[in-house]
Amino acid sequence: MSWDLLLTHASLATFTGDAPYGWQPDAAVACEDGRIAWIGSMRDLPAHQASTAREMHDLGGALVTPGLIDCHTHLVFGGDRAQEFDLRLNGATYEDISRAGGGIVSTVRATREASEDELFAQSLPRARALLADGVTTLEIKSGYGLELEAERRMLRVARRIGQTLGVHVQTSFLGLHALPPEYKDRRDDYVALVCNELLPALANEGLVDAVDAFCEGIGFTRAETQCVFEHARQLDLRVKLHAEQLSDLSGAALVAEFDGLSADHLEYLSVSGIEAMARAGTVAVLLPGAFYALRESKLPPVAALRAHDVPIAIATDCNPGTSPLLSLRLAANMACTLFRLTPEEALRGITVNAARALGLPDRGTLAVGMCADLVAWNAKQPAELCYWMGGQLVRQVWVGAMAVRP
């Protein structure tokens, strides 16, 4: 059988094996039926199969990596909060902005007012920017609707983005993101609504791949989070959590109790939380864009995560309020410069470990049988992807061995 796609004379960062980056110079990778069918040195390339490949590219030594994976975004939303950014830098406090109807309430209002087509039109350019930066799989959360119809629209738009761009989109239902204005004095009623009505309805429509929550003093309590996790379990849905961003509510330990995919943010993560994550195999997702935008000073405990062999992933946290970041490579650069990750750790954080954070074992590395999601770069060495702050480094993107363009 002929290969569908063959890339030759490539410098591969496979993220497999013992070599740094899983480095394979002067190599080739062949794909068939959307999967990697052969990978190895050019000198071992079977000549008879190579000659019949339907599509072949000689990359002249260019770097090839797995498609990048952005495992934490809030990419679908209405409006923006650029005016609030301006106000803050002119002296307004968060309280001032909130009293004037700003903050997350303004995003909820704009998202609720937008039709599905309007949400799609606003959100698609953000997804295109990530694709142009090498992202072939991304997670998109709901959480700015906070009522059934608006949450449904958000999740439908997320699915539609994946279909339109030809990329993989995983959805997370984030009903416990904020308390909607109409439930200001009825917390218990809103949590019950999320658990008993919103989550089952959206899951039954096939719109939910995982369930998330914001477990924080300004968000939802550990007990409220546990309630939605228990309902997710009944629906056979995996869970993840915004945890320990501003304080330590033992959210990481809670998500680990539910064999959670990931705990995200983690600036205030304790040793006991790290130990629980290590036992459960829960991934630590670091979000340097929010750290930067909020001018946070407390660093996540990277050394302790390393010591306990907790996988570390990196994501943009693209959202209108605290991380309007549209480059996963820049997030990786920030993880290096702000959190002192090595370039290899950062790149593993946006490939193999990000795949683990989404429960997708078939991507994030270059190996036979894996998804043929590949990026050829205008670069020779992997560290260049973290080194350059901006600029167009992508040469070509393939998803399932099919060429895609933003």
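The rules we used
Residues numbered from 1 in each chain as written. Predicted model: local features only at pLDDT ≥ 70, side-chain atom pairs only at ≥ 80, totals over all residues. Heavy atoms only, no water. Helix = DSSP H or I, 4+ residues; strand = E, 2+ residues; numbered from the N terminus. Rg over C-alpha atoms; globule rule 2.2 N^0.38 Å. Buried < 20%, exposed > 50% of the residue type's maximum accessible area, 1.4 Å probe, protein only. Contact = heavy atoms within 4.5 Å. Areas by Shrake-Rupley, 256 points an atom, 1.4 Å probe, with all protein chains shown as cover. Lys, Arg positive; Asp, Glu negative; His and termini not counted. Charge placed at Lys NZ, Arg CZ, Asp CG, Glu CD. Salt bridge = Lys/Arg side-chain N within 4 Å of Asp/Glu carboxyl O. Domains from an automatic or database assignment. Buried area = accessible area lost by both parts, 1.4 Å probe. Polar contact = N/O pair within 3.5 Å; in protein donor to acceptor, adjacent residues only side chain to side chain. Nonpolar A, V, L, I, M, F, W, Y, C, P; charged D, E, K, R; others polar. Axes fitted to C-alpha atoms, helices over the stretch in contact; angles between N-to-C directions. Parallel < 35°, antiparallel > 145°, perpendicular 65-115°, else oblique. Left-handed = near helix turned anticlockwise from the far one by under 90°. Core = buried A, V, L, I, M, F, W, Y, C linked by side-chain atoms within 4.5 Å. Pairing = 2+ DSSP bridges. Phe/Tyr/Trp six-rings, centres within 6.5 Å; stacked < 30°, edge-to-face > 60°.

Remarks on the overall build of the protein
Then, in step 1: Across its full length, the protein carries 16 helices and 16 strands.
Then, in step 2: In terms of C-alpha radius of gyration, the protein reaches 21 Å, essentially the compact-globule figure of 22 Å for 406 residues.
Then, in step 3: With the C-alpha coordinates of the protein rotated into their principal frame, the extents come out at 70 × 45 × 45 Å.
Then, in step 4: Split into buried and exposed, the 406 residues of the protein put 58% on the buried side.
Then, in step 5: Of the contacts made within the protein by residues no fewer than 6 positions apart, 71% connect residues no fewer than 24 positions apart.
Then, in step 6: When the accessible surface of the protein is split by element, carbon and sulfur atoms take 52% of a total near 16000 Å².
Then, in step 7: Here the protein holds 35 positive side-chain charges and 50 negative ones, and the gap between their average locations is 2 Å.

What about the pattern of salt bridges?
Then, in step 1: Inspection of the entire model under this criterion finds 20 salt bridges.
Then, in step 2: The shortest N-O distance in the salt bridge between Lys141 and Asp212 comes to 2.7 Å. Taken as a pair, Lys141 in strand β7 (residues 135–141) and Asp212 in strand β9 (residues 210–215) lie far apart in primary sequence, 71 residues in all.
Then, in step 3: Arg152 is paired through a salt bridge with Glu149; the nearest N and O atoms lie 2.4 Å apart.

Description of the domain arrangement of the protein
Note on interface size: it is often stated as the accessible area lost on association of the parts.
Then, in step 1: Structurally, the protein comprises domain 1 (5–66 + 365–404) and domain 2 (68–358).
Then, in step 2: Taken residue by residue, the interface counts 26 residues in domain 1 and 23 residues in domain 2.
Then, in step 3: Ranking the residues of domain 1 by area buried against domain 2 places Phe15, Tyr21 and Cys386 at the top, with a combined share of 32%.
Then, in step 4: Across the domain 1-domain 2 interface, the total number found is zero salt bridges.
Then, in step 5: Linking domain 1 with domain 2 are eight residue pairs in polar contact (both at pLDDT 80 or more).
Then, in step 6: Elements with a minimum of two residues in the side of domain 1 that touches domain 2: β5 (63–66), β14 (374–377), α16 (384–387) and β15 (394–399).
Then, in step 7: A per-element tally of the side of domain 1 that touches domain 2 places β15 first, with four residues.
Then, in step 8: Taken together, the residues that form the side of domain 1 that touches domain 2 break down as 19 nonpolar, six polar and one charged.

Thoughts on the packing of helix α7 (residues 187–204) against helix α8 (residues 222–234)
Then, in step 1: Between α7 and α8, the shortest axis-to-axis distance is 10 Å and the interhelical angle comes to 15 degrees. Classified by the angle their axes make, α7 and α8 are roughly parallel. For the element pair α7 and α8, the recorded crossing hand is right-handed. Of the residues in α8, those in contact with Arg187, Val191, Val194, Cys195, Asn196 and Leu199 of α7 are Glu224, Cys227, Val228, His231 and Ala232.
Then, in step 2: Each residue belonging to the contact of α7 with α8 can be placed in one class, and the counts come to seven nonpolar, two polar and two charged.

Structural notes on the nonpolar core
Then, in step 1: Of all hydrophobic cores here, the largest spans 94 residues; its most connected members are Ile161, Val228, Leu266 and Trp377.
Then, in step 2: In terms of residue count, the dominant contributor to this core is α7 (nine residues).
Then, in step 3: Composition of this core by domain shows at least three residues from each of domain 1 (5–66 + 365–404) and domain 2 (68–358).
Then, in step 4: Residue contacts for Leu266: discarding those within four places in its chain leaves Ala243, Glu244, Gln245, Ala252, Met277, Ala284, Val285, Leu286, Pro300 and Pro301.

Let's talk about the sheet that holds strand β10 (residues 238–243)
Then, in step 1: Across the sheet, eight strands lie side by side as β6-β7-β8-β9-β10-β11-β12-β13; this open sheet has parallel pairing. Bordering the open sheet on either side are β6 (68–70) and β13 (312–314), each of which pairs with just one other strand. The sheet shows a mean angle of 25 degrees between the axes of neighbouring strands, direction not considered.
Then, in step 2: As defined by bridge partners, strand β8 (residues 168–176) adjoins β9 across three bridges and the pair is classed as parallel. Paired with Phe173 across the two strands is Val211, which belongs to β9.
Then, in step 3: Sitting on the sheet, α8 touches β8, β9 and β10, and the angle it makes with β9 is about 175 degrees.

Describing the packing of aromatic side chains
Then, in step 1: If you walk through the whole model with that rule in mind, you get eight aromatic pairs.
Then, in step 2: Consider the rings of Phe15 and Tyr21, whose centres lie 6.5 Å apart with planes at 70 degrees: the pair is edge-to-face.
Then, in step 3: On the accessibility criterion, Tyr21 (16% relative accessible area) is buried.
Then, in step 4: Here a set of aromatic residues connected by ring pairs shows up, and it is made of Tyr183, Tyr190 and Phe220.

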